[in-house]
Amino acid sequence: MKDRRPHWSERLKVTLWTLIVPPTIWAGHFLFSYLWAAISCAKAGAFATFPTLFVVGTVLALTLIALSGWVAWNQGRTPGASPPHEDSTDIDRLRFLAKSTLLLACLSFVGVLFTSLPVIYLRDCL
């Protein structure tokens, strides 16, 4: 039987540090959005017709959050005992952290989308 080399997402370890990656990207995008709006309004007095820099930043944030969620989803599918995962084994902890990271990635993805909505709908600075 041929030994299968684990995929790079399977070799990553899900820890508490990886748990904070999606909300940190969301917070960075939030800060970027408000700085972009403040600079645009101060320099030009209005938003750009097509804000290229903002779109690139939003797509980058969404991509990184989706990648983090995908890695967490792969980690959560680690084979082991069937639910409920009540024991304090390494596999159960891995699944808990992976599920928590996946849920935070989903929340952060929606948060980035909602943060970018004002740029889509608002065209002038007040």
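Residues numbered from 1 in each chain as written. Predicted model: local features only at pLDDT ≥ 70, side-chain atom pairs only at ≥ 80, totals over all residues. Heavy atoms only, no water.

**Points about the UniProt feature "transmembrane region" (unreviewed entry) in the protein chain**
Part 1: The feature "transmembrane region" (unreviewed entry), as annotated in UniProt, sits at residues 12-36, 48-73 and 102-122 in this numbering.
Part 2: With 95% helix and 0% strand, the stretch residues 102-122 has end C-alpha atoms that lie 31 Å from each other. (UniProt positions renumbered as here; feature names shortened; annotations may be inferred. Helix = DSSP H or I, 4+ residues; strand = E, 2+ residues; numbered from the N terminus.)

**Section: the environment of His-29**
Part 1: Mapped onto the elements, His-29 comes out in helix H3 (residues 21-43).
Part 2: Residues His-29 and Thr-115, 86 residues apart in the sequence, show an inter-C-alpha distance of 8.0 Å.
Part 3: Dropping the residues within four chain positions of it, His-29 is found in contact with Phe-54, Gly-57, Thr-58, Ala-61, Val-112, Thr-115 and Ser-116.
Part 4: A distance of 2.9 Å separates a polar atom in the side chain of His-29 from a polar atom in the side chain of Thr-58. (Contact = heavy atoms within 4.5 Å. Polar contact = N/O pair within 3.5 Å; in protein donor to acceptor, adjacent residues only side chain to side chain.)

**Considerations on the nonpolar core**
Part 1: With 6 residues, the main nonpolar core is built from Ile-25, Ala-61, Leu-62, Ile-65, Ala-105 and Val-112.
Part 2: When contributions to this core are tallied by element, the ones reaching two or more residues are helix H4 (52-76) and helix H5 (90-121).
Part 3: It is H4 that contributes the most residues to this core, 3 residues altogether.
Part 4: Once residues lying within four places of it in the same chain are set aside, the contact partners of Ala-105 are Pro-22, Ile-65 and Gly-69. (Core = buried A, V, L, I, M, F, W, Y, C linked by side-chain atoms within 4.5 Å. Buried < 20%, exposed > 50% of the residue type's maximum accessible area, 1.4 Å probe, protein only.)

**Regarding the packing of H4 against H5**
Part 1: It is the contact of H4 with H5, at a shortest axis distance of 8 Å, that shows an interaxial angle of 165°. Here H5 runs roughly antiparallel to H4, going by the angle between their axes. At the point where H4 passes H5, the crossing takes the left-handed sense. Here Phe-54, Thr-58, Ala-61, Leu-62, Ile-65, Ala-66, Ser-68, Gly-69, Ala-72, Trp-73, Gln-75 and Gly-76 of H4 come into contact with H5, specifically with Leu-94, Arg-95, Ala-98, Thr-101, Leu-102, Ala-105, Ser-108, Phe-109, Val-112, Leu-113, Ser-116 and Val-119.
Part 2: Across the contact of H4 with H5, the residue classes tally to 15 nonpolar, 8 polar and 1 charged. (Axes fitted to C-alpha atoms, helices over the stretch in contact; angles between N-to-C directions. Parallel < 35°, antiparallel > 145°, perpendicular 65-115°, else oblique. Left-handed = near helix turned anticlockwise from the far one by under 90°. Nonpolar A, V, L, I, M, F, W, Y, C, P; charged D, E, K, R; others polar.)

**Thoughts on the packing of H3 against H5**
Part 1: Viewed as axis vectors pointing N to C, H3 and H5 meet at an angle of 10°, and their least axial separation amounts to 8 Å. Relative to H5, H3 is oriented roughly parallel. For the pair formed by H3 and H5, the contact residues are Pro-22, Pro-23, Trp-26, His-29, Phe-30, Ser-33 and Trp-36 on the first element and Thr-101, Leu-104, Ala-105, Leu-107, Ser-108, Gly-111, Val-112, Thr-115, Ser-116 and Val-119 on the second.
Part 2: Of the residues belonging to the contact of H3 with H5, the class tally is 10 nonpolar, 7 polar and no charged.

**Some thoughts on the side chain of Ser-116**
Part 1: With respect to the helices, strands and loops of the structure, Ser-116 is situated in helix H5.
Part 2: On the basis of relative accessibility, which here comes to 7%, the residue Ser-116 falls in the buried class.
Part 3: For Ser-116, the residues in contact, after removing those within four places along its chain, are His-29, Phe-54 and Thr-58.

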